[in-house]
Amino acid sequence: MTTQTETAIRPRLPDWLKVRMPGGPRYIELKQLMRDSQLHTVCEEAHCPNIGECWERSAATFMILGDICTRACAYCAVTTGRPGTLDLGEPFRLAATVKRMGLKYCVITSVNRDDLPDGGAGIFAACIKQVRAAVQGCRVEVLIPDFDGNWDALEKVVSAGPEVLNHNIESVERVFQRVRPKGDYRQSLELIRRVKEINPSMPTKSGIIVGMGETMDEVRRTMGDLRSVDCDLLTIGQYLRPSIKHIKIDRFYTPAEFEELREAGEAMGFKHVAAGPLVRSSYHADDQHTAAATQLTQA
């Protein structure tokens, strides 16, 4: 029976947002592997609705630098607080786990670590290096924070040579400050621009969450802003409220509206756009990279 509190947190979901509860054999195996390796995944920490599907196909997004974030974004389920000490052994455990999983494509993200001088960029670079050393041919995508505008930290990650560098804009400019009070819309765009300045051939990626009070026209403008800094790949997905402490869902976008945004993005020149109710930053990330690599090769 649904309580009033549960309804206030999350309104009744439309049919296109309903997914099966995770629990297959591969899911259970990977869950135990993550605990044995003392690793975190954004799949778990952010309550991703695709965790069952992705883990059954041996795809997971590792979350490094601990599980406590120094920021408190209004839409995010990750715990906010004072992080623990830096774990210098994490890159080695992560690489060993990637090898045990037999991954050919690895996605690495993190909490925000504003308490660290480089925001954790050195650990990102070490993770890329160790994965490459442990698993020959494994491609690495990183989903990085803004490093509080520390461009030396950004260069440290780009120089490590990930196949894709992702930084999520998350929302439109008008809504941005309300949902990401410690972030900066223009700074996020500048980060993506600088990636291309450091390495023009590196595919860049960003993501937008819809349903937090924006309009379709504002989403299109944000997509245009991302293309203006030569962002290659884009994800657009529906916001789902993690708890009563988080911003309310403004509305549910329909599959037809997501398709409209996908077509608009392709017309703007994105090399690949994944748009749908359950799309998240790392959803089928390997397919997005393949699409981008193919177009870059043909260019």
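These remarks concern the structure in this document. (Residues numbered from 1 in each chain as written. Predicted model: local features only at pLDDT ≥ 70, side-chain atom pairs only at ≥ 80, totals over all residues. Heavy atoms only, no water.)

1. Description of the side chain of Glu 257
Next up, step 1: The residue Glu 257 is located in helix 11 (residues 255-268) in this model.
Next up, step 2: Residue classification places Glu 257 among the buried positions, given a relative accessible area of 19%.
Next up, step 3: Those residues in contact with Glu 257 that sit more than four places away from it in its chain are Met 216, Arg 251 and Phe 252. (Helix = DSSP H or I, 4+ residues; strand = E, 2+ residues; numbered from the N terminus. Buried < 20%, exposed > 50% of the residue type's maximum accessible area, 1.4 Å probe, protein only. Contact = heavy atoms within 4.5 Å.)

2. Some thoughts on the pairing of strand 9 (residues 233-238)
Next up, step 1: Across the six residues that make up strand 9, a large majority, six, are buried.
Next up, step 2: Judged by which residues are buried, strand 9 turns out to be covered on both faces: Leu 233, Thr 235 and Gly 237 on one side and Leu 234, Ile 236 and Gln 238 on the other are all buried.
Next up, step 3: Between the parallel pair strand 8 (residues 204-210) and strand 9, the chain is carried across by helix 10 (residues 216-228), and the sense of this crossover is right-handed.
Next up, step 4: Note that strand 9 and strand 10 (residues 272-275) share four bridges and pair parallel. (Right-handed = clockwise from strand over helix to strand, strands pointing away. Pairing = 2+ DSSP bridges.)

3. A short note on the packing of aromatic side chains
Next up, step 1: All told, the structure shown has three aromatic pairs when counted by the stated rule.
Next up, step 2: On the basis of an interplanar angle of 80° and a centroid distance of 6.3 Å, the ring pair of Phe 124 and Phe 147 is categorised as edge-to-face. Of this pair, Phe 124 sits in helix 6 (residues 121-134) while Phe 147 sits in the loop between strand 6 (139-143) and helix 7 (151-159), placing them 23 residues apart in sequence. With respect to burial, Phe 124 and Phe 147 carry one shared label: buried.
Next up, step 3: Their ring planes at 80° and their centres at 5.8 Å tell us that Phe 176 and Tyr 185 sit as a pair that is edge-to-face.
Next up, step 4: Sitting over the ring of Phe 270, Arg 227 keeps its end group 5.6 Å from the ring centre.
Next up, step 5: When the ring centre of Tyr 253 is taken as origin, the NZ or CZ atom of Arg 251, which lies over that ring, is 3.8 Å away. (Phe/Tyr/Trp six-rings, centres within 6.5 Å; stacked < 30°, edge-to-face > 60°. Lys NZ or Arg CZ within 6 Å of the ring centre and 35° of its normal.)

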